[in-house]
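Residue strings, one per chain:
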Amino acid sequence: MTTPTAPDSMYRNDEGLGIWEHRGKVAAVGVGHAPTSRRWDGRPETCVGAITIDALRKAIDDAGVAPDQIDGLVVVPVTTTGAFWEAGKPLPMDVIQSFNQTDDPLDGIAKLSAEWLLKNMPELTNVNFTMYGPGCMSNALNVTAQAVGDGLTHTCLVVKSWHNFEGRYYQGGANAGAALPGTPAITQLWGGPASYSTALQFAEYCRKYGKTHEMMAPFMENSRRNGLRFPEGYWAQHRPEELGPEDYLASRWIAKPANLFDNDIPIMMSGAYLFSTAERAADMKQKPVYILNHASSNTRPRSLLPTLDEVEADTARTGRKIYEGAGITADDLSFENMYDGFSLFHQFHLEGLGYRGIKFGEALDFYQTDISIEGPNPVSPSGGNVGSGRSRVWMHTDCIQQLQGRAGARQVTGVKPEVGVSGGPMPLGGNYTVWSASPD
Amino acid sequence: MTVLISFDIDGTLEVGDPPGPLTMDMVRLVREKEFLIGSCSDRTLSAQRAIWADHEIEVDFVVGKHMLPDVKAKFDADVYLHIGDREDLDRQYALKAGFDFLWPDEAVAHPHFQPDS
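Residues take numbers from 1 onward in each chain, read along the sequence in its written order. Chains and ligands are labelled sequentially in the order written, the chains with letters from A and the ligands with numbers from 1. Per-residue local features of the predicted model are confined to residues with pLDDT of at least 70, and side-chain atom pairs are confined, for both listing and counting, to 80 or more; whole-chain, interface and lining totals are unaffected and use all residues. Side-chain metrics in this entry use all non-hydrogen atoms of the structure; hydrogen atoms and water are not considered.

1. Comments concerning the environment of Thr198 of chain A
Residue and element names in this part refer to chain A.
Then step 1. Elements are defined by DSSP. Helices are runs of H or I of four residues or more, strands are runs of E of two residues or more, and each kind is numbered from the N terminus. Assignment of secondary structure puts Thr198 in helix α6 (residues 196-209).
Then step 2. Only protein chains enter the calculation, and the probe is 1.4 Å; a residue is then buried if its accessible area is under 20% of its type maximum, exposed if over 50%, and partly exposed in between. Given the relative accessible area of 1%, Thr198 is considered buried.
Then step 3. Counting along the chain gives 136 residues from Thr198 to Ser334, while the straight-line C-alpha distance between them is 27 Å.
Then step 4. Contacts were defined at the residue level, with two residues in contact if any of their heavy atoms lie within 4.5 Å. Not counting residues within four places of it along the chain, the set of residues in contact with Thr198 comprises Phe342, Leu344, Phe345 and Met426.

2. Some words on the sheet that holds strand β9 (residues 335-338) of chain A
Residue and element names in this part refer to chain A.
Then step 1. Between any two strands, pairing holds if DSSP finds at least two bridges. The strand order across the open sheet formed by nine strands is β3-β2-β4-β7-β1-β8-β11-β10-β9, and the pairing between neighbours is mixed. Unpaired on one side and paired on the other, β3 (129-132) and β9 mark the two borders of the sheet. Adjacent strand axes in the sheet meet at a mean angle of 25 degrees when their direction is disregarded.
Then step 2. Taken together, the four bridges between β9 and strand β10 (residues 419-425) define a ladder with parallel strand orientation. For Asn337, the partnering residue across the bridge sits in β10 and is Ser422.
Then step 3. Helix axes are fitted only over the stretch in contact, all axes being lines through C-alpha atoms; the angle between N-to-C directions runs from 0 to 180 degrees. The sheet strands contacting helix α1 (residues 48-63) are β1 (26-33), β2 (72-75), β4 (155-162) and β7 (269-277), and the helix crosses β1 at an angle near 130 degrees.
Then step 4. Where helix α12 (residues 346-353) meets the sheet, it contacts β9, β10 and β11 (430-436), and its direction lies at approximately 135 degrees from that of β9.

3. A word on the interface of chain B and chain A
Then step 1. On the side of chain A, 14 residues touch chain B, which itself brings 16 residues to the contact.
Then step 2. Once two parts are joined, some of their accessible surface, as seen by a 1.4 Å probe, is lost; buried area is that loss totalled over both. Across the chain B to chain A interface the summed buried area is about 1,200 Å²; carbon plus sulfur atoms make up 45%.
Then step 3. The salt bridge definition used is simple: a Lys or Arg side-chain nitrogen within 4 Å of an Asp or Glu carboxyl oxygen. The interface formed by chain B and chain A includes three salt bridges.
Then step 4. Between Arg252 of chain A and Asp42 of chain B there is a salt bridge whose closest N-O contact spans 2.5 Å.
Then step 5. Nitrogen and oxygen atoms within 3.5 Å of one another constitute a polar contact, given that in protein one can donate a hydrogen and the other can accept it, and given that sequence-neighbouring residues count only through two side-chain atoms. Linking chain B with chain A are seven residue pairs in polar contact (both at pLDDT 80 or more), by the criterion used here.
Then step 6. Mapped by element, the contributors of at least two residues to the side of chain B that touches chain A are α2 (45-54) and α4 (87-96) of chain B.

4. What about the pattern of salt bridges?
All names here are of chain B.
Then step 1. Enumeration over the complete set of coordinates arrives at 31 salt bridges over all chains.
Then step 2. The residue Arg31 makes a salt bridge to Asp60 at a minimum N-O spacing of 3.3 Å. With Arg31 in helix α1 (residues 24-32) and Asp60 in the loop between α2 and β3 (61-63), this pair connects stretches of sequence that are 29 residues apart.
Then step 3. The class for Arg31 is partly exposed, based on a relative accessible area of 24%.
Then step 4. For Asp60, a relative accessible area of 26% translates into the label partly exposed.
Then step 5. With a shortest N-O distance of 3.5 Å, Lys33 and Asp116 are connected by a salt bridge. Of the two residues, Lys33 is situated in the loop between α1 and β2 (36-40) and Asp116 in the segment after α5 (104-109); the sequence distance between them amounts to 83 residues.

5. A short note on the packing of α6 of chain A against helix α11 (residues 308-326) of chain A
Residues and elements named next belong to chain A.
Then step 1. Following both chains from N to C, one finds α6 and α11 inclined at 90 degrees, their axes separated by 9 Å at the closest point. In terms of orientation, α6 and α11 fall into the roughly perpendicular class. In contact with Gln201, Glu204, Tyr205, Lys208 and Tyr209 of α6, α11 contributes Leu308, Asp309, Val311 and Glu312.
Then step 2. Along the lines of polarity and charge, the residues of the contact of α6 with α11 split into four nonpolar, one polar and four charged. Any angle that is under 35 degrees is reported as roughly parallel, and any over 145 degrees as roughly antiparallel; angles of 65 to 115 degrees are reported as roughly perpendicular and all others as oblique. Polarity classes work like this: nonpolar for Ala, Val, Leu, Ile, Met, Phe, Trp, Tyr, Cys and Pro, charged for Asp, Glu, Lys and Arg, and polar for all others, with Gly in that last group.

6. Overview of the packing of α6 of chain A against α12 of chain A
All names here are of chain A.
Then step 1. Axis separation between α6 and α12 bottoms out at 10 Å; the angle between their running directions is 60 degrees. Relative to α12, α6 is oriented oblique. Contacts between α6 and α12 involve Gln201, Phe202 and Tyr205 on the former and, on the latter, Gln347, Phe348 and Glu351.

7. Comments concerning the environment of Leu106 of chain A
Residues and elements named next belong to chain A.
Then step 1. Topologically, Leu106 is positioned in the loop between α2 (93-96) and α3 (114-120).
Then step 2. It is 7.9 Å that separates the C-alpha atoms of Leu106 and Leu91, two residues lying 15 residues apart in sequence.
Then step 3. Excluding residues that lie within four positions of it along the chain, Leu106 makes contacts with Trp85, Leu91 and Lys111.

Listed below in structure tokens is the structure:
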């Protein structure tokens, strides 16, 4: 079976599309996460392929579905955190030979194909739909929701995994070559840290609105607090360290005004979900969480980096698309789980949504109020990447678990969990999902 | 002679992630020699304090990677030494701040970490 990358027609990129045609007819049911680790230790049972299988099987079990009932699989094929298998480095043949292989020896180690997964999950006997959602889970969720809604699959797994190897990030891969093709030839020429464009936007934001980096501290503390209540996350599992204002503000600059903790920590992880039609989901083990809409931004900046003006215009446009397709307004959001890895752009997403009525330039003031899970205005109850490490997955898991009422110590208590929104990654260029406890 | 030693944690101390070759007993040894000691790490300040408290080792400072100049300004010593496992984040920062520098495996064999005869 050849697995295609999702075509543009599966995404809802434009305003004016109206209510999503499958609103409330697609549901997420099962959630599965593999244990996290800081870096791969070289063992077969902890390679990115193995942890992906673990996460998928947990999602299947969580949903209470027989594996032979699953007919779809959506995969994010890229798994790098910025760490690459160095050219010329000997292949780990013991690991490769521990699995059924594809024609790419690094499949399951430094990347992931649907073919590799199906070869190594023999219980998935009836999968006849596979597709790639490039980039991150936010993208793959849009693809999965649309595929289930369109009837391409009725019970579909979707998975995103990350590998992390020893060494420096973004020093390998294309960056290690003598030449870079296309736009990266200019944007990456000087080797700026990955967060530098966000840092520039944030610096301009502070100048424009008279804000400071110090005003991020409550958000960071709250996010880590929520993350330490996320048992699937890295910090909760390995280093239960809080991130108070002194800790955050004493950290060194990576790309001023982005400091170390404004950059998420790369980890090994895998997260998976089981989606189905609303009808089928009604008979599964967990409470269905209905998809009210998915929306995307494919806006390209005018120049090398998006300006603050472009960021604000596009996050506002994204907010309108999110609400339009879901048939809701900002007032209907119980909580928000927009992306935060880099933390300095979370407020762009928040302001684009108009969450709790905030306008551009007001989010950092909003952070100085009660944004906890116990309050009336929960911000990032998942804790995001700040709270649990680089994955771009926690926000989605949290939406599902909050609306199922099984977020545990992280459960929002200041609001009734009815509708949530999650997605990212970047303010320009992202994919978003609106989740609901009810199909209506 | 007053010696000040700054320890990186991850990849340097046995309690780091990854663990390094310097044991906490070695740290206790230089503490007993009345060296000024502390940690200089990308770990949060509160996490650094927690590590030392968990091992009941009293330290003179905990700082971030970029704060060695502050340490040198605050403490009067004859020797300033930083021990770490990274070229960019340990050795370069240390030398720039006017510290001597040792890799962790060099430090283990250094006379500072041997009992006084």
